[in-house]
Amino acid sequence: MTSATQFERQGYLLYKEPLVSAEVITGAVAGMDQIRHGVSDTGRPPCASPWKPGDDTNKLCKIENPQFASKGIRRLLQQPAIGETIARATGAEMVQVWWVQLLYKPSTSSDTPVTTGVGWHLDWTYWQGHWVDGSELMTAWFALSDVEDDCGPMRFVDGSNHWSGLEGGDFFAQELNHEGFTVPPGEQWHETPAILPLGGMSLHHKLTLHGSGPNTSGRPRRSLAIHVRTEKSRPRGNVEGTIVADDLSGYIDDLELCPIIYGERVASAFERD
Ligand SMILES: O=C(O)CCC(=O)C(=O)O
């Protein structure tokens, strides 16, 4: 089965071999640490974020668009292997990064209340106000630490990208409880944890249900969620009524911050609806 067929069927793929050099990874990890301490080496801060330097270090640290503030993270995003891998999985002619989230999940003790979980959700819930319906959008989740089963890996629900009518879900929910979701007749809820080495990557579809539990490994779980699109996507012109504060498709004309990592710029994908 080709990677494209598998991605289409199950809604995610796991790449268990490091995709980029150790030097590039080290630079991105250093960038992540700087940003968590409020330091930028580009003269520009990241976007407004749920977690800011000085906030509780026991909570999930989620910082929006860290590549604005770190050359090391920008360098990682520009690695051709990432774009080529996504193009193989999707058949895309163009792959562009349009938003990035830095995710640092600290280790917590198993007997304290969970503050680092990510509730079941599908990304489209958060993106639909910013991209026209049918836009081809996905997330490459790049591991900046080894992610074992006790690190609170992301968990994907196999084939849920084909389940119609799924609604709700909450990234910030702390319980991985799926009672609120209706499994369609003939389907089963089967979860796969994204166990990855440092430098590995998962790729998931905008409609694939995913979430993650606490990290009890004694080591931080580090990653970048790199949100990408293909030429089969178009930004909406109007973000009124959306459920997130920032304009998620608002930076795509800045190719330094939102690099095209495979193929050439396709003009129609930049026309606002
Ligand atoms: O890192 C996690 O556990 C969840 C990340 C996520 O929801 C995403 O990358 O879309």
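Residues numbered from 1 in each chain as written. Predicted model: local features only at pLDDT ≥ 70, side-chain atom pairs only at ≥ 80, totals over all residues. Heavy atoms only, no water.

(A) View of the state of the cysteines. A complete count under the given rule lists zero disulfides for this structure. In this structure C151 is a free cysteine whose sulfur lies 16 Å from that of C61, the closest cysteine sulfur available. By relative accessible area, which is 0% here, C151 ends up buried. (Disulfide = S-S within 2.5 Å. Buried < 20%, exposed > 50% of the residue type's maximum accessible area, 1.4 Å probe, protein only.)

(B) View of the pattern of salt bridges. Counted according to the given criterion, the structure contains nine salt bridges. E23 is the salt-bridge partner of R75, the closest N and O atoms lying 3.4 Å from each other. Of this pair, R75 sits in helix α3 (residues 71–77) while E23 sits in helix α2 (residues 22–36), and the two are 52 residues apart along the sequence. In this structure, D33 engages R222 in a salt bridge whose closest nitrogen and oxygen atoms are separated by 3.1 Å. (Salt bridge = Lys/Arg side-chain N within 4 Å of Asp/Glu carboxyl O. Helix = DSSP H or I, 4+ residues; strand = E, 2+ residues; numbered from the N terminus.)

(C) Structural detail: the site of the ligand. Near the ligand there are 13 residues, and of these H121, W141, H210, S212 and R221 occur at the shortest range. Here H204 contributes a side-chain N or O atom positioned 3.3 Å from an oxygen atom of the ligand. A distance of 2.6 Å separates an oxygen atom of the ligand from a polar atom in the side chain of S212. When the free accessible area of the ligand is taken as 290 Å², the share hidden by the protein chains comes to 99%. According to the grid-proximity analysis, the pocket containing the ligand is the largest pocket. Only β4 (118–121), β5 (137–143), β9 (210–212) and β10 (221–230) provide two or more residues apiece to the shell around the ligand. Split into classes, the residues belonging to the shell around the ligand amount to six nonpolar, five polar and two charged. (Near = heavy atom within 4 Å. Polar contact = N/O pair within 3.5 Å; in protein donor to acceptor, adjacent residues only side chain to side chain. Areas by Shrake-Rupley, 256 points an atom, 1.4 Å probe, with all protein chains shown as cover. 1 Å grid on protein atoms, 1.4 Å probe; cavity = no way out; pocket = protein on both sides within 12 Å on 5 of 7 lines; lining within 4 Å. Sits in = over half its atoms within 2 Å of the grid points. Nonpolar A, V, L, I, M, F, W, Y, C, P; charged D, E, K, R; others polar.)

(D) Quick peek at the environment of D56. Its place among the elements puts D56 in the loop between α2 and β2 (61–64). For D56 and T2, which are 54 residues apart along the polypeptide, the C-alpha to C-alpha distance reads 44 Å. Only 2.8 Å separates the side chain of D56 from the backbone nitrogen of N58, close enough to count as a polar contact.

(E) Focus on the environment of P220. Considering the arrangement of structural elements, one finds P220 in the loop between β9 and β10. Note: C-alpha distance between P220 and T108 (112 residues apart in sequence) is 9.2 Å. Among all residues touching P220, those that are not within four sequence positions of it are Y104, K105, S145 and N215. (Contact = heavy atoms within 4.5 Å.)

(F) Expanded view of the side chain of S212. Turning to its location among the elements, S212 is positioned in strand β9. Among the polar contacts listed, one links the side chain of S212 to the side chain of K105, at a separation of 2.8 Å. Setting aside residues no more than four positions away along its own chain, S212 makes contact with K105, G117, V118, G152, P153, M154, L176 and R221.

(G) Looking closely at the packing of helix α1 (residues 3–10) against helix α4 (residues 80–90). Between α1 and α4, the least distance of the axes is 6 Å, while the angle of their chain directions is 70°. What the angle tells us is that α1 and α4 run roughly perpendicular. Together, S3, A4 and F7 of α1 and R88, A89 and T90 of α4 make up the contact between the two elements. (Axes fitted to C-alpha atoms, helices over the stretch in contact; angles between N-to-C directions. Parallel < 35°, antiparallel > 145°, perpendicular 65-115°, else oblique.)

(H) Representation of the packing of aromatic side chains in the model. Applying the stated criterion across every chain yields a total of eight aromatic pairs. On the numbers, 5.0 Å between centres and 75° between planes, the contact of F68 with Y251 is edge-to-face. Of this pair, F68 sits in the loop between β2 and α3 while Y251 sits in the loop between β10 and β11 (260–262); the two residues are 183 residues apart in sequence, bridging distant segments of the chain. Take F68: its relative accessible area is 1%, and that puts it in the buried class. Look at W99 and Y251: their rings are 5.9 Å apart centre to centre, the planes differ by 45°, and that puts the pair in the tilted class. Taken together, the residues span a long stretch of sequence, with W99 in strand β3 (residues 95–105) and Y251 in the loop between β10 and β11 at a distance of 152 residues. (Phe/Tyr/Trp six-rings, centres within 6.5 Å; stacked < 30°, edge-to-face > 60°.)

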